[in-house]
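As a plain string of letters, each chain reads:
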Amino acid sequence: MTSIPTAPMTLALYTALDERVPAFDGAKAREHLERRLGLQRTPVADLPAPVREAFARWGEAHREVVGIHPAGLQILQIPDWYA
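Residues numbered from 1 in each chain as written. Predicted model: local features only at pLDDT ≥ 70, side-chain atom pairs only at ≥ 80, totals over all residues. Heavy atoms only, no water.

**Q** Break down the environment of Pro 43 for me, with residues and values.
**A** Within the secondary structure layout, Pro 43 lies in strand β1 (residues 40–43). Through-space distance from the C-alpha of Pro 43 to that of Leu 76 is 9.0 Å; in sequence the pair is 33 residues apart. With sequence-adjacent residues up to four places away left out, Pro 43 is seen in contact with Leu 73 and Gln 74. (Helix = DSSP H or I, 4+ residues; strand = E, 2+ residues; numbered from the N terminus. Contact = heavy atoms within 4.5 Å.)

**Q** Please give an account of the pattern of salt bridges that cites residues and values.
**A** Counted according to the given criterion, the structure contains 5 salt bridges. Its salt-bridge partner being Arg 63, residue Glu 60 comes within 2.2 Å of it at the nearest N-O pair. When its relative accessible area of 48% is taken as the criterion, Glu 60 is described as partly exposed. The residue Glu 64 makes a salt bridge to Arg 63 at a minimum N-O spacing of 3.6 Å. For Glu 64, a relative accessible area of 70% puts it in the exposed group. What emerges from the salt-bridge pattern is a single network uniting Arg 30, Glu 34 and Arg 41. (Salt bridge = Lys/Arg side-chain N within 4 Å of Asp/Glu carboxyl O. Buried < 20%, exposed > 50% of the residue type's maximum accessible area, 1.4 Å probe, protein only.)

**Q** Kindly report on the side chain of Thr 42, identifying the contributing residues and their values.
**A** Topologically, Thr 42 is positioned in strand β1. The class of Thr 42 is buried, set by a relative accessible area of 12%. Thr 42 has contacts with Leu 47, Leu 73, Gln 74, Ile 75 and Gln 77, leaving out every residue within four places of it along the chain.

**Q** Could you give an account of a nonpolar patch on the surface, naming the residues involved and the relevant values?
**A** A contiguous nonpolar patch, built from Ile 78, Trp 81 and Tyr 82 and spanning about 420 Å² of accessible area, is present on the exposed surface. Within the secondary structure layout, Ile 78 lies in the segment after β2 (74–77). The exposure class assigned to Ile 78 is partly exposed, which follows from its relative accessible area of 40%. (Patch = residues over 30% accessible without salt bridge, like charges linked within 9 Å, V, L, I, M, F, W, Y side chains within 5 Å. Areas by Shrake-Rupley, 256 points an atom, 1.4 Å probe, with all protein chains shown as cover.)

**Q** Help me get a handle on the packing of aromatic side chains, residues and values and all.
**A** By the definition in use, this model includes 1 aromatic pair. Ring geometry for Trp 81 versus Tyr 82: centroids 5.9 Å apart, planes at 80°, classification edge-to-face. One exposure class covers both Trp 81 and Tyr 82, and it is exposed. (Phe/Tyr/Trp six-rings, centres within 6.5 Å; stacked < 30°, edge-to-face > 60°.)

Have a look at this one:
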């Protein structure tokens, strides 16, 4: 197992981590948030225009280090009943 980095976390460093560092396994984290905490995946395309535009700017700014699925960005959000 690879040790956890001690340098400040950056987006570039986070995206360089892989399954050898279980503490940073994004798939496991997403599954935990959905199954255990009830968060729901929502396509950014289904969100209000200001949010879509903000995510579009974010995606463009980080395209060198973040792979965006061809189906588009999705976010995790709390269920409507919680709000």
